[in-house]
Amino acid sequence: MAGMTEPSAGAPPVLPPTDDLDEVERRLASTSLLEAMTTQRAVRRVLPDPVDERIVRRLVEVALEAPTGSNGQNWEFVVVTEQATKEALGRQYARAWKVYGGLGRRMRTDEQTRRILRSVEWQVEHFTEIPVLVVCCLRGGANLPFLPVPSIAASSHYGSVYPSVQNLLLAARAVGLGGSLITLPLWSATVARRLLGLPFTVEPCCVVPLGWAKGRYGPKARKPVDEVLHRGRYGETLT
Ligand SMILES: Cc1cc2nc3c(=O)[nH]c(=O)nc-3n(C[C@H](O)[C@H](O)[C@H](O)COP(=O)(O)O)c2cc1C
């Protein structure tokens, strides 16, 4: 592929920034599903170089191939590039991270956790330099007022945004954009609503910061499949 930079040993190649939509389509078409799924991860360290809005639009278009409950398609995506909004969301993130990160540092001290903490710290500190934030939202609520609803109501509601978010992350990975799924900048939904001008019927669910990936994607740590796979009843192994 044109313009590919040298990968670090064992890591997938890091693609250089581009604003050429044909190149973006080539990258989308030439990345296999397996490659995207196995190499996609939380890439928080990104370059400050601008990301063409047409690329973000295309990625969201691909994200919309995802399923939603009853095919309601009640998703909304707000693309944030304005400095003042990034600053305000960044302040929310820093506030939430002070609590959450502090707990993480006290509860787990293994090297893998320390690496994640350092990566999140980078993102919190450089939040306003990240070129694009995509705020993924849902219309309608998880609960009907005054009606007892089963827990699948919440599951079906929030489950109507996350498949599209994963599509967005996979597509970002394919084109060489670093992305991550984060929720802490939405610590206060009220503040986020006000900043983004969201009506009360639209709930901000998560943020996907996007920028051209800096450095390598690196290996990721996942549990072995047999640890979480059961046959018929919980605890029965499949193989
Ligand atoms: C629902 C959800 C919320 C998350 N919120 C945050 C967040 O606020 N900040 C952050 O840095 N990462 C957040 N993450 C990212 C996880 O930390 C990340 O996916 C996990 O550490 C695995 O990373 P890896 O794919 O690079 O191995 C969130 C992930 C999920 C699924």
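Predicted, not measured: the structure shown is a model, and the values here were computed from it.

About the thresholds
Residues numbered from 1 in each chain as written. Predicted model: local features only at pLDDT ≥ 70, side-chain atom pairs only at ≥ 80, totals over all residues. Near = placed C-beta within 6 Å. Nonpolar A, V, L, I, M, F, W, Y, C, P; charged D, E, K, R; others polar. Core = buried A, V, L, I, M, F, W, Y, C linked by C-beta atoms within 7 Å. Buried ≥ 20, exposed ≤ 12 C-beta atoms within 10 Å, placed from the backbone. Helix = DSSP H or I, 4+ residues; strand = E, 2+ residues; numbered from the N terminus. Contact = placed C-beta atoms within 7 Å. Arc of directions from axis to C-beta. Pairing = 2+ DSSP bridges. Expected span 1.5 Å × (residues − 1).

Asker: Explain the site of the ligand here, please?
Answerer: Neighbouring the ligand are Arg41, Ala42, Arg44, Ile116, Val120, Gln123, Ser180, Leu181, Ile182, Thr183, Leu184 and Lys220. Across the shell around the ligand, the residue classes break down as 6 nonpolar, 3 polar and 3 charged.

Asker: How should I be thinking about the nonpolar core in this particular structure?
Answerer: Formed by 46 residues in total, the largest nonpolar core has its most connected members in Val134, Cys136 and Leu168. Residue assignment for this core shows that the elements contributing at least two residues are α3 (53–63), β1 (75–80), α4 (83–107), α5 (111–125), β2 (132–139), α7 (162–175), α8 (189–196) and β4 (202–212). Of all the elements, α7 adds the most residues to this core, at 8 residues. Not counting the four nearest positions on each side in its chain, Leu168 is found in contact with Leu59, Val60, Ala63, Val134 and Val208.

Asker: I tried to follow α3 on my own but got confused; where do I start?
Answerer: Along an α-helix, residues three or four apart share an orientation, since each turn contains 3.6 residues. All of the buried residues in α3 are Ile55, Val56, Leu59 and Ala63. The arc enclosing the buried residues of α3, seen along the axis, measures out at 100°, which places them on a common side. What points out from α3, more than 90 degrees from its buried face, is the exposed set Glu53, Arg54 and Glu61. Against α1 (21–30), β1, β2, α7 and β4 lie the buried residues of α3.

Asker: Which parts of the structure should I look at to understand the environment of Asn71?
Answerer: Mapped onto the elements, Asn71 comes out in the loop between α3 and β1. On the basis of neighbour count, Asn71 is assigned to the exposed category, with 8 C-beta atoms found within 10 Å. Linking Asn71 and Ser160, residues 89 residues apart in sequence, is a C-alpha distance of 8.7 Å.

Asker: Looking at this model, I keep getting lost on the pairing of β4. Mind explaining?
Answerer: Taking burial as the measure, the 11 residues of β4 include 9 buried ones, the bulk of the element. Pairing geometry for β2 and β4, over 8 bridges, is antiparallel. The residue of β4 that forms the bridge with Val132 is Leu210. Bridge count between strand β3 (residues 177–179) and β4: 3 bridges; the pairing is antiparallel. When the sheet's bridge partners are listed, Gly179 is paired in β4 with Leu210.

Asker: Explanation requested: α7 in the structure shown.
Answerer: With 14 residues, α7 extends 20 Å between its outermost C-alpha atoms, agreeing within 8% with the 20 Å of an ideal straight helix rising 1.5 Å per residue. In terms of burial, α7 is a largely internal element, 10 of the 14 residues being buried. Two residues or fewer past α7, Gly176 is found with a positive phi of approximately 100°.

Asker: Just to check I follow, could you spell out unusual backbone geometry for this structure?
Answerer: The phi dihedral of Ser70 is positive, around 55°, even though this residue is not glycine. Turning to its location among the elements, Ser70 is positioned in the loop between α3 and β1. Judged by the 9 C-beta atoms lying within 10 Å of it, Ser70 falls in the exposed class. The backbone phi angle of Asn71 is positive, close to 50°, even though this residue is not glycine.

Asker: So what exactly am I meant to see when it comes to the pairing of β2 here?
Answerer: Successive residues of a regular strand alternate their side chains across the two faces of the sheet. Of all the 8 residues making up β2, 7 are buried; the element is thus mostly covered by neighbouring parts of the structure. Two strands pair when backbone bridges link them, and β1 and β2 are joined in this way by 6 bridges, in the antiparallel orientation. Pairing of Glu76 across the sheet is with Cys137, part of β2.

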